[in-house]
Amino acid sequence: MGADTIIGIDLGTSTTEAAVIRDGKPVMIVNLDGQVITPSAAGVDKSGQLVFGEKAKAQYLLAPEDTVIEAKRKIGTKEKLRMGNKDYTPVEISSMLLKYVKDYVSESLGENISRAVISVPAYFDDLQRQETVEAGKRAGFEVERIINEPTAAALSYGIGHMEEESHILVYDLGGGTFDVTLLEMFGGVVEVKASSGDNRLGGKDFDECLIQWLVSQFRKKHGKDLSKDAAAMVKLKEQAEWCKKELSSRESCQIVIPFIAEKSGTPLALEETVTLELFEEMTRDLVERTHAPIDVVLADSGVLAKDIDRILLVGGSTRMPMVRRDIEAYLQKEPSKAVNPDYAVAEGAAIQAGIIEGTLSREEGIIMTDVNPYTLGIRVLCEDRSHYMSIVIPRNVTIPVVRKGIYYTSADNQTSAKIEVYQGEHDDVRLNHFLGEFVISGIPMRPEGEERIEVEFSYNLNGMLEVSARIPSSGEEASVEINMMAYEEEFFTEAATDVSKWKESSLAKEFRTVVRRAERRLKSETVQNMPFYREDLESCLYDLKLALIEEDEDRAAELEEDILDLLEERE
Ligand SMILES: Nc1ncnc2c1ncn2[C@@H]1O[C@H](COP(=O)(O)OP(=O)(O)OP(=O)(O)O)[C@@H](O)[C@H]1O
Ligand SMILES: [Mg+2]
């Protein structure tokens with residue numbers, strides 16, 4: 001084995017864990033402090049040395065300016081994180097944490113570990129995934145795969161329950177993010193059906209509620225605003241998190257912070273008793289924010305709440321009793337105790353690593369499929385709207401997936417087109433997340449609508465996207481990996497045909513039945529598991545709609561036959 005060992009890493013907002021497969025099972029790896037759980041904190045100590053984990057978290061209280069916590073919340077942004085007297089990017093901080101993991105894992109396993117599977121929230125967008133890979137590379141890892149955290153959690157459950165056939169809902173409320181995923185398990189296959197979440201909801205927000213309450217109590221009692229005092233806020237944060245955790249196993253908890261401020265030379269102390277009841281009242285809204293993503297996942301997967309066989313709770317914040325009660329009441333089912341909420345994600349990442357390195361074989365092991373969590377598309381002109389989102393890959397499609405969109409020039413003699421790629425659920429791209437853009441040129445000069453531009457989206461197992469464009473008539477292909485750097489350039493005209501308008505064709509009536517039959521088949525579960533068949537059928541259906549829009553009856557008749565053949569083939 002040696003250099004072939006691949007580890008799994010759960011790089012969390014608050015904590016980080018690593019695991020490896022030994023004798024066919026995931027085993028958690030302890031850090032240099034002898035702990036499995038490493039706080040995701042980095043810092044520079046007084047002597048200028050870099051410190052990580054528990055040491056860094058401990059110094060946060062005394063020297064917040066020398067310490068960075070929760071860097072994961074900033075990944076994918078340009079925000080700078082200050083540590084010591086230097087600024088770092090979120091990628092730099094994450095790579096330091098990963099390097100720390102690499103070192104302790106290598107030490108603990110007694111071999112140089114340089115390959116890893118790293119988990120990310122299912123809801124991470126493309127840029128956040130790319131930056132996570134980048135952080136891994138800079139730490140000296142070959143990042144073999146990015147795996148979605150809930151998928152990993154389900155794998156960790158699945159490996160011990162191979163014979164089971166069930167619908168599993170993974171509810172992951174961590175430090176910074178909430179993810180919910182519905183999976184189906186049958187005969188050792190774990191298949192992700194749908195995934196949703198809120199990347200701005202986590203344990204940190206519960207702390208924040210408590211902090212706000214403490215600040216307002218203090219203001220009432222002493223007329224002083226602690227929120228202006230950075231040092232006081234650091235203490236409050238620490239105490240608030242501690243109190244929240246205490247309240248997971250107690251009915252009330254007292255917070256005492258002596259010398260938190262002063263008033264005309266006299267030190268002031270903060271003293272409050274927080275009951276569980278009060279805490280739950282303050283944070284009920286946060287818990288209820290988990291309902292919408294759960295509804296989305298049920299709707300997208302077509303699974304009814306009553307058909308969920310197992311609920312897995314993952315993430316430290318699911319230790320809060322109200323969270324458990326709420327999910328049980330909402331889905332009318334008691335959550336399972338079969339996975340460890342702190343270890344499940346790292347264990348699942350290790351299982352994925354084991355599948356890649358071959359220590360977990362397919363026969364004895366487990367197979368997994370995943371979905372893309374966001375709709376992906378490009379900006380097009382549509383009637384009088386110039387910000388229309390044309391969908392190329394809908395959300396919750398099984399990955400890997402390759403899809404093509406066909407577009408047309410929108411002006412006479414147009415020689416180039418700008419392809420702008422977006423991620424999100426709105427049909428106005430301005431409300432979605434811009435991913436990147438590029439220009440394809442070399443379009444032959446022709447009247448409007450007579451040149452075709454094929455745009456291909458390829459979404460890989462890491463949840464990352466490559467977009468390419470081609471002009472079939474000239475064979476021109478743009479060198480077209482997504483450029484994440486947004487650049488301001490004159491907007492060229494870009495083109496559009498949205499095949500959903502096929503119904504307006506004068507031929508629509510004649511071909512409606514075959515369109516509907518194909519659409520129904522595409523929605524069926526069996527077809528979802530036959531990627532090649534599905535793609536064939538999809539592309540025929542697409543071409544048929546296109547032919548209808550173009551009022552090309554001969555071509556439409558040809559395609560109808562192709563589709564009928566395909567439908568019969570799998571009857
Ligand atoms: N006993 C407890 N009661 C309530 N909350 C807890 C408890 N233990 C841990 N937490 C909270 O759980 C959160 C950390 O959970 P976890 O380690 O699963 O998150 P993470 O994986 O780092 O974050 P994410 O998955 O969002 O990136 C913190 O907000 C912490 O305060
Ligand atoms: Mg987590």
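Computed from a prediction, not measured in an experiment: that's the story for all the values here.

(A) Just the site of ligand 1, in detail. With respect to spatial proximity, 21 residues lie near ligand 1, and among them Thr13, Ser14, Thr15, Glu241 and Ser248 are the closest. Between ligand 1 and Ser14, the relevant distance is 2.6 Å, taken from an oxygen atom to a main-chain nitrogen or oxygen of the residue. Within the backbone of Gly175, one N or O atom sits 3.0 Å away from an oxygen atom of ligand 1. Protein chains bury 91% of the 650 Å² of accessible surface belonging to ligand 1 in isolation.

(B) Broad picture of the state of the cysteines. A full pass over the atoms with the stated rule returns zero disulfides. Free cysteine Cys209: the closest other cysteine sulfur is in Cys243, separated by 12 Å.

(C) View of the packing of helix 1 (residues 53-62) against helix 6 (residues 230-246). The N-to-C vectors of helix 1 and helix 6 enclose an angle of 130°; their axes lie 8 Å apart at closest approach. Judged by the inter-axis angle, helix 1 sits oblique to helix 6. Facing Lys57, Tyr60 and Leu61 of helix 1, the residues of helix 6 in contact are Val234, Lys235, Lys237, Glu238 and Glu241. The residue makeup of the contact of helix 1 with helix 6, split by class, is three nonpolar, no polar and five charged.

(D) Just the sheet that holds strand 5 (residues 41-44), in detail. Taken in spatial order, the three strands of this open sheet run 6-5-7, and their pairing is antiparallel. Both outer strands of the open sheet, strand 6 (50-52) and strand 7 (67-69), are each paired with one neighbouring strand and no more. When the angles between neighbouring strand axes are averaged without regard to direction, this sheet yields 15°. For strand 5 and strand 6, the ladder comprises three bridges, and the chain directions are antiparallel. Bridging across to strand 6, Gly43 finds its partner in Val51.

(E) Region of the structure containing helix 11 (residues 508-523). In this model helix 11 runs 21 Å from its N-terminal to its C-terminal C-alpha over 16 residues, within 8% of the 22 Å that 1.5 Å per residue would give. A bend of about 25° at Val514 is the largest found in helix 11.

(F) Summary view of the sheet that holds strand 25 (residues 452-459). Pairing is antiparallel in the open sheet, where four strands are placed in the order 22-25-26-27. At either margin of the open sheet sits one strand with a lone partner, and together these are strand 22 (401-408) and strand 27 (476-477). Where strand 22 lies against strand 25, eight bridges are found, and the strand directions are antiparallel. Paired with Ile406 across the two strands is Glu454, which belongs to strand 25.

(G) Here's a closer look at the pairing of strand 12 (residues 166-173). In terms of residue burial, strand 12 counts as a mostly covered element, since eight of its eight residues are buried. Residues Ser166, Ile168, Val170 and Asp172 of strand 12 are buried on one face, and the alternating residues His167, Leu169, Tyr171 and Leu173, pointing to the opposite face, are buried as well. In textbook terms, the turn of a hairpin is the stretch between consecutive antiparallel strands, and for strand 12 and strand 13 (residues 178-186) this stretch comprises four residues. Judged from the five bridges that link them, strand 12 and strand 17 (residues 310-314) form a sheet pairing that is parallel. Bridge pairing in strand 17 links Asp172 to Val314.

(H) Region of interest: unusual backbone geometry. Phi at Glu70 takes a positive value of approximately 55°, unusual for a residue other than glycine. Take Glu70: it is sitting in the loop between strand 7 and strand 8 (81-83). In this structure Glu70 comes out as buried when scored by relative accessible area, which is 15%. In this model, Gln332 sits at a positive phi of 55°, which is unusual for a non-glycine residue. Checked against the element boundaries, Gln332 lands in the loop between helix 9 (321-331) and helix 10 (344-357).

(I) Broad picture of the pairing of strand 15 (residues 252-263). The pairing of strand 15 with strand 16 (residues 266-275) spans nine bridges and is antiparallel. When the sheet's bridge partners are listed, Gln254 is paired in strand 16 with Thr273. In this structure, the hairpin formed by strand 15 and strand 16 is closed by a connection of two residues, where Ser264 is found at a positive phi of approximately 35°.

Conventions adopted
Residues numbered from 1 in each chain as written. Chains lettered and ligands numbered in written order. Predicted model: local features only at pLDDT ≥ 70, side-chain atom pairs only at ≥ 80, totals over all residues. Heavy atoms only, no water. Near = heavy atom within 4 Å. Polar contact = N/O pair within 3.5 Å; in protein donor to acceptor, adjacent residues only side chain to side chain. Areas by Shrake-Rupley, 256 points an atom, 1.4 Å probe, with all protein chains shown as cover. Disulfide = S-S within 2.5 Å. Axes fitted to C-alpha atoms, helices over the stretch in contact; angles between N-to-C directions. Helix = DSSP H or I, 4+ residues; strand = E, 2+ residues; numbered from the N terminus. Parallel < 35°, antiparallel > 145°, perpendicular 65-115°, else oblique. Contact = heavy atoms within 4.5 Å. Nonpolar A, V, L, I, M, F, W, Y, C, P; charged D, E, K, R; others polar. Pairing = 2+ DSSP bridges. Expected span 1.5 Å × (residues − 1). Bend = angle between axes of the 7 residues up to and from the residue. Buried < 20%, exposed > 50% of the residue type's maximum accessible area, 1.4 Å probe, protein only.

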